[in-house]
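Spelled out from the first residue to the last, the chains are:
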Amino acid sequence: MGLQKLLKGDKYIWGIYMVLCIISILEIYSATSMLTYKTSDYFAPMIKHALMLFTGTLLMLGIQNVHYKWFKIIGLPLLVISFFLLIYTLLAGIAANDAKRWTTILGITFQPSELAKLGMIIFTAFVLANKQRPDGVEKNTFKIIASVTGIFCALIFSENLSTTLLLGAVIVGMMMVGRVELKKIFGTIGILILLGGLGIFVAPKIPGLERVSVWEKRIVNFIQKEDIPAYQIKIDDDNFQEQHARLAIANGGAFGKFWGNSREREVLPQAYSDFIYAIIIEEMGFVGGIFVMFLYISLLIRAGMIARKCTRAFPAFLILGTAMMIVFQALINMAVAVGLIPVTGQPLPLISRGGTSIIITCVYFGIILSISRSATAKGIEEEKQQTGSETEIPQDLSAPNPNMNL
């Protein structure tokens, strides 16, 4: 089987994916030095990470062959399953870093919130596509999407605020693209910000919401540090990660200390996960950090280009939602590493060490590739040439959907 037949879908997307995987393997090998020191096996973390990427790639290869119409079918069941898994996780989940985000089924440990994110993207794309009209969307579109999003955000936010904000941002982005009225969107956001500000003072006293005090502390520390010169900030338990991430970035300069020469990887907690971008800048420099950011932004731009060529609204909204989820998460991770926002626990997609995150990101890439192959006239034609099929492109797929405003 030729490589061209194996790697279907958009070649630019495949290129971005492969470059990210290469960077990931190199940086995980470097950033896990403390883990290898403890186990005396220098290649074990890298090999385990590479096997996870390999598994995710196999999953991508399978998903890219799935026609986009099948994603509609799995959206609702996925939401129902994740709903009950989130409740179960809140009641009997695995606690890590003072939060219950994980659960184990059949020996597999994962975060149900990742399934909820995927389900919500599919659900939102389905609703937006079916509510499109020549003059906009039906008036109840916002109410339907906001209600379901609110339910899942309520189940997630007490243990994982950053994931709640990430999911909300992606859904808002999809609704804006889907022509939902902006006054409804921003009016609701304004109310939520007001309630959130008030809730910070009340929530710590409510059973089950004690973790809000952690968010409050991080926000206060972040605001206070802006008024203090970096060299005067004393490193303590509260700012240990932030300050060593700053040191890593300062060490990097323009072109970095080269791969494997990071000094902060020895002391920076989560150097291979939440703060791996700081290690990337230390080793690859400012130029390397910009390059990695460019890869993610290029993914969103390319997804937007494919969306404009889609012959149906559903795959166009779906590809934009999946791309936004990857890119927004990457930007949050990077912003934390360089000190633009308070510390939160979002891994860098594909690059950070982890199981659930890598697999779900590969699923997103598989969906993007599937849509580029089966939802555009060009993709259908290329698939026909590769397979030798004589199936013709239906007449109504030869031009973009007139109801789409992408």
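Please read these numbers as outputs of a predicted model, since none were measured by experiment.

Asks: Can you walk me through the overall build of the chain in this structure?
Replies: The secondary structure content of the chain amounts to 15 helices and five strands. Counting every position in the chain, which comprises 406 residues, the buried fraction comes to 48%. Carbon and sulfur atoms provide 67% of the accessible area of the chain, an area that totals close to 19800 Å².

Asks: What's the story with the packing of aromatic side chains in this structure? I'm lost.
Replies: Each aromatic ring pair is characterised by the separation of its centres together with the angle its planes make. Going through the model one piece at a time under the given rule, you end up with six aromatic pairs. Where Phe83 meets Phe84, the ring centres are 5.3 Å apart and the plane angle is 80 degrees; that geometry is what we call edge-to-face. Site record: aromatic cluster; members linked through ring pairs are Trp14, Tyr17 and Phe365.

Asks: Looking at this model, I keep getting lost on empty space enclosed by the protein. Mind explaining?
Replies: One simple way to see leftover space: roll a probe sized like a water molecule over the atoms. Inspection of every chain in the model, using the stated rule, returns two cavities of 30 Å³ or more. A volume near 90 Å³ is recorded for the largest cavity. The set of elements that each furnish at least two residues to the lining of the largest cavity consists of α5 (69-92), β2 (99-105), α6 (112-130) and α7 (141-157). The element contributing the most residues to the lining of the largest cavity is α5, with three residues. For the lining of the largest cavity, the residue count by class is five nonpolar, three polar and three charged.

Asks: Is there a simple way to think about unusual backbone geometry in this case?
Replies: As a rule of thumb, non-glycine residues mostly have phi less than zero, and peptide bonds are mostly trans rather than cis. In the Ramachandran plot, Arg179 falls in the positive-phi region, its phi being about 70 degrees despite a non-glycine side chain. If you trace the backbone, Arg179 turns up in the loop between α8 (161-177) and α9 (182-202). We note that Leu350 has phi near 75 degrees; this positive angle belongs to a residue other than glycine. Following the sequence through the fold, Leu350 ends up in the loop between α13 (313-337) and α14 (356-374). Look at Leu350 and you get buried, because its relative accessible area is 1%.

Asks: Sorry, what's going on with the nonpolar core here?
Replies: One recurring pattern in soluble globular proteins is that nonpolar side chains are buried together. Of all hydrophobic cores here, the largest spans 97 residues; its most connected members are Tyr296, Leu318, Leu348, Ile351 and Phe365. At 16 residues, the largest contribution of residues to this core is made by α13. Beyond its immediate chain neighbours, meaning those up to four positions away, Leu318 contacts Phe71, Ile121, Ile122, Ala125, Ile367 and Ile371.

Asks: How should I be thinking about α5 in this particular structure?
Replies: Along an α-helix, residues three or four apart share an orientation, since each turn contains 3.6 residues. With 24 residues, α5 extends 35 Å between its outermost C-alpha atoms, agreeing within 8% with the 34 Å of an ideal straight helix rising 1.5 Å per residue. Where α5 bends most, at Gly75, the angle is about 30 degrees, and the proline Pro77 comes one to four residues later. Taken together, the buried positions of α5 are occupied by Phe71, Gly75, Leu78, Leu79, Ser82, Leu85, Leu86 and Thr89.

Asks: So what exactly am I meant to see when it comes to the layout of surface pockets here?
Replies: There is about 390 Å³ of room inside the second largest pocket. When contributions to the lining of the second largest pocket are tallied by element, the ones reaching two or more residues are α5, β3 (108-110), α6 and α14. Among the elements that make up the lining of the second largest pocket, the one with the highest residue count is α14 (five residues). Tallied by class, residues from the lining of the second largest pocket come to 14 nonpolar, four polar and one charged.

Asks: Explain the packing of α8 against α13 to me, please; I cannot follow it from the model alone.
Replies: Angle between the axes and distance between the axes: these two values describe a pair of packed helices. Where α8 meets α13, the closest approach of the two axes is 9 Å, and the angle between their N-to-C directions is 140 degrees. By the angle class used here, α8 and α13 are oblique. The way α8 lies across α13 gives a crossing that is right-handed. Side by side, α8 and α13 meet where Leu166, Leu167, Ala169, Val170, Gly173, Met174 and Val177 of the first sit next to Phe317, Leu320, Gly321, Met324, Met325, Phe328, Gln329 and Ile332 of the second. Split by residue class, the contact of α8 with α13 holds 12 nonpolar, three polar and no charged.

Asks: Help me understand the confidence of the model for the chain, please; the structure alone is not making it clear to me.
Replies: Interpreting fine coordinate detail is not advised for predicted regions of low pLDDT. Looking at the chain as a whole, the pLDDT averages 81, with 77% of positions reaching at least 70. This model gives residues 390-406 a pLDDT under 50, and the stretch forms 34 contacts once residues within four places in sequence are excluded.

Asks: Sorry, what's going on with the pattern of salt bridges here?
Replies: Should the charged atoms of two oppositely charged side chains come close, the side chains can pair. Enumeration according to the criterion identifies six salt bridges in this entry. For Glu114, the salt bridge identified is with Lys117, shortest N-O distance 3.1 Å. Placement of the pair is Glu114 and Lys117 together in helix α6, with a separation of three residues, close to one helical turn. Looking at Glu114, the relative accessible area reads 8%, which means it is buried. Here Lys117 falls in the buried class, since its relative accessible area comes to 0%. Bridged by salt links that share partners, the residues Lys131, Arg133 and Glu138 form one connected network.

Rules used in this analysis
Residues numbered from 1 in each chain as written. Predicted model: local features only at pLDDT ≥ 70, side-chain atom pairs only at ≥ 80, totals over all residues. Heavy atoms only, no water. Helix = DSSP H or I, 4+ residues; strand = E, 2+ residues; numbered from the N terminus. Buried < 20%, exposed > 50% of the residue type's maximum accessible area, 1.4 Å probe, protein only. Areas by Shrake-Rupley, 256 points an atom, 1.4 Å probe, with all protein chains shown as cover. Phe/Tyr/Trp six-rings, centres within 6.5 Å; stacked < 30°, edge-to-face > 60°. 1 Å grid on protein atoms, 1.4 Å probe; cavity = no way out; pocket = protein on both sides within 12 Å on 5 of 7 lines; lining within 4 Å. Points joined across faces, edges and corners; volume = space filled by probe spheres on them. Nonpolar A, V, L, I, M, F, W, Y, C, P; charged D, E, K, R; others polar. Core = buried A, V, L, I, M, F, W, Y, C linked by side-chain atoms within 4.5 Å. Contact = heavy atoms within 4.5 Å. Expected span 1.5 Å × (residues − 1). Bend = angle between axes of the 7 residues up to and from the residue. Axes fitted to C-alpha atoms, helices over the stretch in contact; angles between N-to-C directions. Parallel < 35°, antiparallel > 145°, perpendicular 65-115°, else oblique. Left-handed = near helix turned anticlockwise from the far one by under 90°. pLDDT = per-residue confidence, 0-100. Salt bridge = Lys/Arg side-chain N within 4 Å of Asp/Glu carboxyl O.

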